[in-house]
Amino acid sequence: STDTRNTKHKTQNSNKVPQHRLIYLYDALCGWCYGFSPVLQRVHEQYKDTLQFEVLSGGMMMGARVGSINEVAPFIKTAYKQVEETTGTKFGEAYIEHILKPGTTILSSELPGIALTVFRHYQPERVFEFAHALQKMHYFDGVDLNLPENYRSLAEQFGIPADEYVEALTKEENRYETMQEFQTVANWGIGGFPTVLLKPAHDEQYFMIARGYTPFERLEEVIGKVL
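Residues numbered from 1 in each chain as written. Predicted model: local features only at pLDDT ≥ 70, side-chain atom pairs only at ≥ 80, totals over all residues. Heavy atoms only, no water.

A. Seen up close, the pairing of strand S1 (residues 20-26). Of all seven residues that make up S1, five are buried, and the element is covered over most of its length. Bridge count between S1 and strand S2 (residues 51-57): seven bridges; the pairing is parallel. Pairing of Arg21 across the sheet is with Gln52, part of S2. At this point the chain moves from S1, through helix H2 (residues 31-47), to the parallel S2, and the crossover so formed is right-handed. (Buried < 20%, exposed > 50% of the residue type's maximum accessible area, 1.4 Å probe, protein only. Helix = DSSP H or I, 4+ residues; strand = E, 2+ residues; numbered from the N terminus. Pairing = 2+ DSSP bridges. Right-handed = clockwise from strand over helix to strand, strands pointing away.)

What follows is the structure, given as structure tokens:
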């Protein structure tokens, strides 16, 4: 069962020597996180043998902030160009045509947050990769993240039984776990995304090493100083 997989993973981790932890706080609907993703991929490639990588969803679009793009975030229709210019990451034509131009897509962090939660039950060691693939599906392929069925191809991409994964997206226990994750991020006082924290193995302190888009060279420099 999913619960067994989770317990097994936690037990295995608990027997390991403490690792330096890099915690990426993001939201699937955060355009700057999408632009930041290639930088994080470089960091992951360089430090995957040194750091334990974790991803937490922030719940950026919840409560009163949920609504259509035209209602709650019309600025996205022009802001994405600034993300492209700053980061070099391109938004797909499908996103522009099917999400931006109609302006009717509902922005809600709930289901994409649950998608990350459920994926973590299956392949926690690939959660970084999944977060990137999830954002690419939305911002490049123009897929609406509010429909469970739209996650089927993503599950297949990672070799997860699609029917089982899609069904798990609708279960209350996974929604509850996701809401708890949103609350954890809020309790940490994180007000914007992307944010990256670094916790050295033998230190109780968390260091904020990125808030907003940060170039790879700067991250590399700060990681070196902290460690």
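B. Spotlight on the pattern of salt bridges. Throughout the structure, instances matching the rule amount to 13 salt bridges. The closest approach of N and O atoms between Glu54 and Arg21, which form a salt bridge, is 2.6 Å. Of the two residues, Glu54 sits in strand S2 while Arg21 sits in strand S1, which places them 33 residues apart along the sequence. Using a relative accessible area of 17% as the deciding quantity, one classes Glu54 as buried. With a shortest N-O distance of 3.5 Å, Arg218 and Glu221 are connected by a salt bridge. Of this pair, Arg218 and Glu221 both sit in helix H11 (residues 216-226), three residues apart, which is roughly one turn of the helix. (Salt bridge = Lys/Arg side-chain N within 4 Å of Asp/Glu carboxyl O.)

C. Layout of unusual backbone geometry. In this model, Phe193 is joined to Pro194 through a cis peptide bond whose omega is 0°. As for its placement among the helices and strands, Pro194 is situated in the loop between helix H10 (172-187) and strand S5 (195-199).

D. The confidence of the model for the protein, seen in detail. Mean pLDDT for the protein: 92, with 93% of residues reaching 70 or above. The model gives residues 1-14 a pLDDT under 50, and that stretch makes six contacts with residues more than four places away or in other chains. (pLDDT = per-residue confidence, 0-100. Contact = heavy atoms within 4.5 Å.)

E. Main features of the packing of H2 against helix H7 (residues 127-139). The interhelical angle for the contact between H2 and H7, taken along N-to-C directions, is 145°, at an axis separation of 10 Å. Helix-helix and strand crossings are classified by hand; for H2 and H7 the assignment is left-handed. Across from Gly31, Cys33, Tyr34, Ser37, Leu40, Gln41 and His44 in H2, the residues of H7 making contact are Phe128, His132, Gln135, Lys136 and Tyr139. In terms of residue class, the contact of H2 with H7 is made up of five nonpolar, six polar and one charged. (Axes fitted to C-alpha atoms, helices over the stretch in contact; angles between N-to-C directions. Left-handed = near helix turned anticlockwise from the far one by under 90°. Nonpolar A, V, L, I, M, F, W, Y, C, P; charged D, E, K, R; others polar.)

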